[in-house]
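# Chains, contacts and geometry: an overview
What follows is each chain in one-letter form.
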Amino acid sequence: MTTLENSKALGAGIDRVDAPLKVTGAAHYPNDFSFPHMAHAALVGSTVAAGRIRGIDVSQAASAPGVLRVITHLNAPKLERGPMTPLGASPPAPLQDERILHYGQHVAVVVAETAEQARHAARLVHVDYETTDAVLDVNDPRAEILVNPLGQDTERGDVAAGFAQADVVVGGTYTTPDNTNNPLGLFSTVAHWQGDALTVHDSTQSIHNVRTSLAKVFGVPESGIRVLAPFVGGGFGAGLRMWPHVVLAVMAARETGRPVKLVLTRPQMFTSVGHRPNSVQQIQVGATRDGKLVAIEHHAISSVAMEDDDAELVTLCAAVSYACPNAVTRDRQARLNIPCPGSMRAPGEGQGNFALESAIDEAAHAVGMDPLEFRLRNFAEQHPLLGLPWSSNALRECLTEGAEMFGWSKRTREPGSMREGRWIVGYGMAAASFPFYQNPCQARATVRGDGSAYVRSGATDIGTGTYTVMTQLAAELLGLDVSRVRFDLGDSDMPYAPQAGGSGLTGGLGNAVHDACRNLVHAFLDVVRDDDESPLRGAATDDVSATDGRIHLTSDPQQGEPYAAILARHDLTELSADGKSTPPRAQELGMAMAGAFGAKFVEVRIDPDLGLLRVARVVSVIDGGRILNEKTATSQIIGGTVGGISQAMFEETATDAGTGRIANATLGDYLMPVNADVPDMQVRFVGGPDPATAVGTKGVGEIGLVGLAAAIGNSVFHATGRRIRSLPITIDQLMN
């Protein structure tokens with residue numbers, strides 16, 4: 001059947017198919033939905049970080065205009081905790097007891113006729129707390145330490161012996177702060193019960209996870225729950241888990257017998273939907289004078305909430321990035337009185353790569369070798385842990401092409417040796433990778449009587465272009481013009497799809513769509529198998545191709561007929577087929593599954609008197625496997641690059657050490673780059689389709705961010721001779 005080698009629909013940078021809906025305001029986000037007689041909910045958050053509720057007075061709130069119900073731990077129904085999910089354990093259910101585990105914890109929900117009435121009444125809830133000392137720092141000796149939380153610590157070779165033979169040993173302690181995802185759209189949930197049947201519109205990156213979790217929490221069948229998210233106003237990982245506010249919206253709807261809408265405020269986004277956990281990392285790198293790595297040791301501790309189990313591996317990148325015979329990586333977590341952390345774009349890798357690639361750069365400088373040459377010399381020809389060849393790995397090409405595009409050869413070796421007027425100029429670089437990740441996925445494809453196609457799966461599109469690339473893929477596989485294909489998602493009644501996250505959705509969903517389209521062509525051939533009028537009578541799936549709205553013999557394109565003709569002759573209004581994908585296994589394939597790779601080159605300018613840091617330009621060269629749409633893929637890398645600049649120079653969720661209150665929980669106080677901070681950016685894709693899967697994609701959502709913080713830090717070192725080990729890089733770190 002159809003191959004993708006000479007595709008017409010794929011690769012082209014077509015505009016997003018959902019763009020007209022978005023720019024005309026016709027795209028409906030969760031906050032846009034309503035039901036007749038809908039009520040509104042507002043949350044009350046704890047004003048202490050640790051302790052218990054001694055008393056709670058809701059009398060004023062309950063008697064305020066329009067108030068329907070005030071729910072606290074004293075009158076809330078008892079709920080199950082959500083299930084274990086493919087992304088880990090669910091957060092604890094809300095309002096189940098009097099304990100306070102973090103500042104901003106939901107202690108009450110007020111339901112009223114209008115949103116304004118609910119917000120007003122929420123301010124009238126008075127809580128009396130018995131406080132205890134909060135544990136807020138990973139270095140606090142009172143913190144409970146979780147060792148090897150995911151069981152993926154690594155060790156190979158003899159690290160002590162490796163360091164003993166090293167000519168240079170470099171490294172130090174690197175720290176990264178909490179970051180908060182802050183999608184532009186405030187997270188919203190609209191819940192409506194009809195008996196035991198529940199409909200939910202939610203800001204989520206995983207509608208099937210929400211459905212499964214709500215079924216467990218409320219003890220109702222999954223079959224009676226429908227979760228809808230056709231459009232989501234950004235996520236960056238914040239929508240991967242089902243958070244307690246979703247449970248509260250559903251609870252409020254059930255308790256009042258009314259549909260309920262709950263919209264988080266911006267400050268509540270900082271305490272309710274996760275954040276990138278901070279990290280403290282110790283890393284040492286040993287190398288010989290000829291630039292060969294002989295030992296890497298990487299330890300990290302990061303934060304986790306008191307009763308949560310989310311974990312992001314910070315150090316794993318050090319185990320798999322380079323051909324080093326001796327390496328050890330160790331991850332730990334410290335339980336703190338903080339809101340539950342969660343995934344944020346490039347989880348784990350965003351933090352760990354900063355330490356690793358900074359230390360690699362330092363090792364290159366210590367042995368007197370160009371940082372580019374040092375990385376090339378230690379390229380991992382095979383997966384360092386599995387000992388298997390990569391399914392694909394164009395990192396060498398990323399490094400060499402990136403250097404050529406950037407003009408790396410113009411870089412002088414000595415720090416502080418390049419200037420332009422009053423500005424000190426720095427050139428820096430970093431290698432980047434993001435591990436292979438896919439989950440099982442399903443899709444359904446239909447060709448209708450007019451020859452058009454309708455393909456669907458219960459995925460979400462958080463702005464990454466899923467609507468568009470899946471439309472292109474289905475069009476290519478079915479031999480249709482893109483305008484003749486409709487792809488739908490965002491409905492849990494559609495076939496199962498995993499979350500939009502981990503750079504895995506395009507691969508898993510794409511392979512499921514591939515399977516569905518292949519099965520659909522097979523179904524058409526079954527229809528005409530004994531049809532004497534069909535030139536395709538008796539043809540096998542591998543014997544045919546699909547082009548221009550028709551199926552034909554690959555060996556003789558004249559022998560074929562349109563989909564519409566087959567359906568009409570057999571009195572069919574449409575024909576459908578299901579498809580599925582299962583993640584490939586390395587040992588079965590005899591090769592290590594490869595995620596995306598990349599090289600980042602950065603030029604910075606620094607004013608030595610004022611300590612001002614400016615990123616002048618960025619070059620990103622990416623091995624993302626098969627690129628389905630270069631325009632949307634480039635947009636992903638540009639967005640990730642801005643996120644990397646933000647991580648390196650701006651973002652820090654500031655928690656008051658005395659109270660646990662987040663001090664900058666608004667977009668006016670939480671710093672992020674604006675247009676003036678974003679430089680010229682060049683993006684190029686290299687490599688080719690990954691042969692381990694049918695479609696050959698890798699996913700480029702995360703790789704755009706990975707490596708930017710290290711590349712900027714390495715540029716700063718080249719400009720100033722100062723090795724920055726703490727993010728974000730601030731003026732005081734650069735002042736003379």
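Below: a short report on this structure. (Residues numbered from 1 in each chain as written. Predicted model: local features only at pLDDT ≥ 70, side-chain atom pairs only at ≥ 80, totals over all residues. Heavy atoms only, no water.)

### As for the sheet that holds strand β23 (residues 485–488)
- With mixed pairing, four strands are arranged side by side in an open sheet as β23-β22-β21-β27. Each end of this open sheet is capped by a strand with a single partner; those strands are β23 and β27 (574–581). Taken pair by pair, the neighbouring strands of this sheet meet at an average axis angle of 15 degrees, ignoring direction.
- Examined bridge by bridge, strand β21 (residues 441–448) and strand β22 (residues 453–456) share four bridges and lie antiparallel to one another. By the bridge assignment for β22, Thr446 is matched with Tyr454.
- Relative to the sheet, helix α12 (residues 466–478) contacts β21, β22 and β23, its axis offset from that of β23 by approximately 135 degrees.
- Together, β21, β22, β23 and β27 form the strand contacts of helix α13 (residues 505–527), whose direction differs from that of β27 by roughly 140 degrees. (Pairing = 2+ DSSP bridges. Helix = DSSP H or I, 4+ residues; strand = E, 2+ residues; numbered from the N terminus. Axes fitted to C-alpha atoms, helices over the stretch in contact; angles between N-to-C directions. Contact = heavy atoms within 4.5 Å.)

### A closer look at the side chain of Thr634
- Counting through the fold element by element, Thr634 comes out in helix α16 (residues 630–649).
- A polar side-chain atom of Thr634 sits 2.7 Å from the main-chain carbonyl oxygen of Glu630.
- Non-local contacts of Thr634, meaning those with residues more than four positions away in its chain, are made with Val683 and Phe685. (Polar contact = N/O pair within 3.5 Å; in protein donor to acceptor, adjacent residues only side chain to side chain.)

### With respect to the sheet that holds strand β24 (residues 544–547)
- Pairing in this open sheet of three strands is antiparallel, and the strands run β24-β25-β26 from one edge to the other. Either end of the sheet is taken by a strand with one partner, and the two such strands are β24 and β26 (560–562). If you compare each strand with its neighbour and ignore which way they point, the axes differ by 20 degrees on average.
- As judged from the three bridges shared by strand β25 (residues 550–553) and β26, these two strands associate in the antiparallel manner. Of the residues in β26, the one forming a bridge with Ile551 is Glu561.

### Some words on the packing of α16 against helix α17 (residues 708–720)
- Interhelical geometry of α16 versus α17 gives an angle of 55 degrees and a closest axis separation of 8 Å. Relative to α17, α16 is oriented oblique. As for the relative orientation of α16 and α17, their crossing is right-handed in sense. In contact with Thr641, Gly644, Ile645, Gln647, Ala648 and Met649 of α16, α17 contributes Leu708, Ala709 and Ile712.
- A per-class count over the contact of α16 with α17 returns six nonpolar, three polar and no charged. (Parallel < 35°, antiparallel > 145°, perpendicular 65-115°, else oblique. Left-handed = near helix turned anticlockwise from the far one by under 90°. Nonpolar A, V, L, I, M, F, W, Y, C, P; charged D, E, K, R; others polar.)

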